[in-house]
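# Structural overview
Chain by chain, the residues run as shown.
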Amino acid sequence: MKKISFRNDVLPLKNELYRLALRITLNPAEAEDIVQETMIKVWNRREQWDNIESIEAFCLTICRNISLDKMRKMENQNQSLSEGEHDAPDQSYSSNPEEQAMQQDRMQLIRQLINQLPEKQRSVMQLRDFEGKSYKEIAKVMGISEEQVKVNIFRARQTIRQKYFETEKYGL
């Protein structure tokens, strides 16, 4: 086992943890709080680091669990979540403003469709398509089998594809 350093091994994961928390909560401020809580929990368990095979999977699992706990609390309190999506349009797509607007609308629609997915499908899709994790790593983080990861990714992609084409064909 390699010696794990908080500064060199854990802190560089903060952006990845933030993206996972944001994908689950859909709230940037809440995601930042979750990353802080995750870092504190990881630090408080530093005696266990020598027994951990993958510090990244360990951190992602803690982050996911904290995010899900926060979501459950918010649902129990019937609080609404804010979208928090303030992305700039993709300037590289085309110099034509109409093309840029259409591309931005498509991306916003896809984000909305992803946000409507069940939590498990949304999480596996985030880890696979946006974070580039392997099926094995996702299975470890999510606590499910690799086959279940593949099934959830397939179902998520199918759902998004179907709803996207329905929306494009018939409108909202």
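Description of the structure in this document. (Residues numbered from 1 in each chain as written. Predicted model: local features only at pLDDT ≥ 70, side-chain atom pairs only at ≥ 80, totals over all residues. Heavy atoms only, no water.)

What follows is about the overall build of the protein. Along its length, the protein carries 8 helices and 0 strands. Listed by position from the N terminus, the elements making up the protein come as α-α-α-α-α-α-α-α. Burial analysis of the protein (172 residues in total) assigns 37% to the buried set. (Helix = DSSP H or I, 4+ residues; strand = E, 2+ residues; numbered from the N terminus. Buried < 20%, exposed > 50% of the residue type's maximum accessible area, 1.4 Å probe, protein only.)

The next subject is the packing of aromatic side chains. Per the stated rule, a full pass over the model turns up 4 aromatic pairs. Centroid distance F6 to W49: 6.2 Å. Interplanar angle 10°. Geometry classified as stacked. Of the two residues, F6 sits in helix α1 (residues 6-10) while W49 sits in the loop between α3 (28-44) and α4 (55-76), which places them 43 residues apart along the sequence. Comparing F6 with W49, the two get one shared label, buried. Ring plane angle 75° and centroid distance 5.7 Å describe the contact between Y164 and F165, whose orientation is recorded as edge-to-face. A residue is classified by how much of its surface remains accessible, and Y164, at 15% relative accessible area, is buried. An aromatic cluster is present here, built from F6, W43 and W49 joined pairwise through their rings. We note R128 situated over the ring of Y135; from NZ or CZ to the ring centre the distance is 4.2 Å. (Phe/Tyr/Trp six-rings, centres within 6.5 Å; stacked < 30°, edge-to-face > 60°. Lys NZ or Arg CZ within 6 Å of the ring centre and 35° of its normal.)

Packing of helix α6 (residues 119-130) against helix α8 (residues 146-170) brings their axes to within 9 Å, and their N-to-C directions diverge by 100°. What the angle tells us is that α6 and α8 run roughly perpendicular. Residues K120, Q121, V124, M125, R128 and D129 of α6 lie in contact with α8, whose contacting residues are V149, N152, I153, R155, A156, R157, T159 and I160. Partitioned by chemical class, the residues of the contact of α6 with α8 number 6 nonpolar, 3 polar and 5 charged. (Axes fitted to C-alpha atoms, helices over the stretch in contact; angles between N-to-C directions. Parallel < 35°, antiparallel > 145°, perpendicular 65-115°, else oblique. Contact = heavy atoms within 4.5 Å. Nonpolar A, V, L, I, M, F, W, Y, C, P; charged D, E, K, R; others polar.)

Scanning the entire structure with this criterion turns up 9 salt bridges. The salt bridge involving E56 is made with K133; its shortest N-O contact spans 2.0 Å. With E56 in helix α4 and K133 in the loop between α6 and α7 (135-142), this residue pair connects regions lying 77 residues apart in the sequence. Accessibility expressed as a relative area gives 21% for E56, which makes it partly exposed. Its relative accessible area of 9% is what places K133 among the buried residues. What emerges from the salt-bridge pattern is a single network uniting E16, E56 and K133. (Salt bridge = Lys/Arg side-chain N within 4 Å of Asp/Glu carboxyl O.)

As for its position among the elements, E30 is in helix α3. Leave out the neighbours within four places in its chain, and E30 touches T25, K70 and M74.

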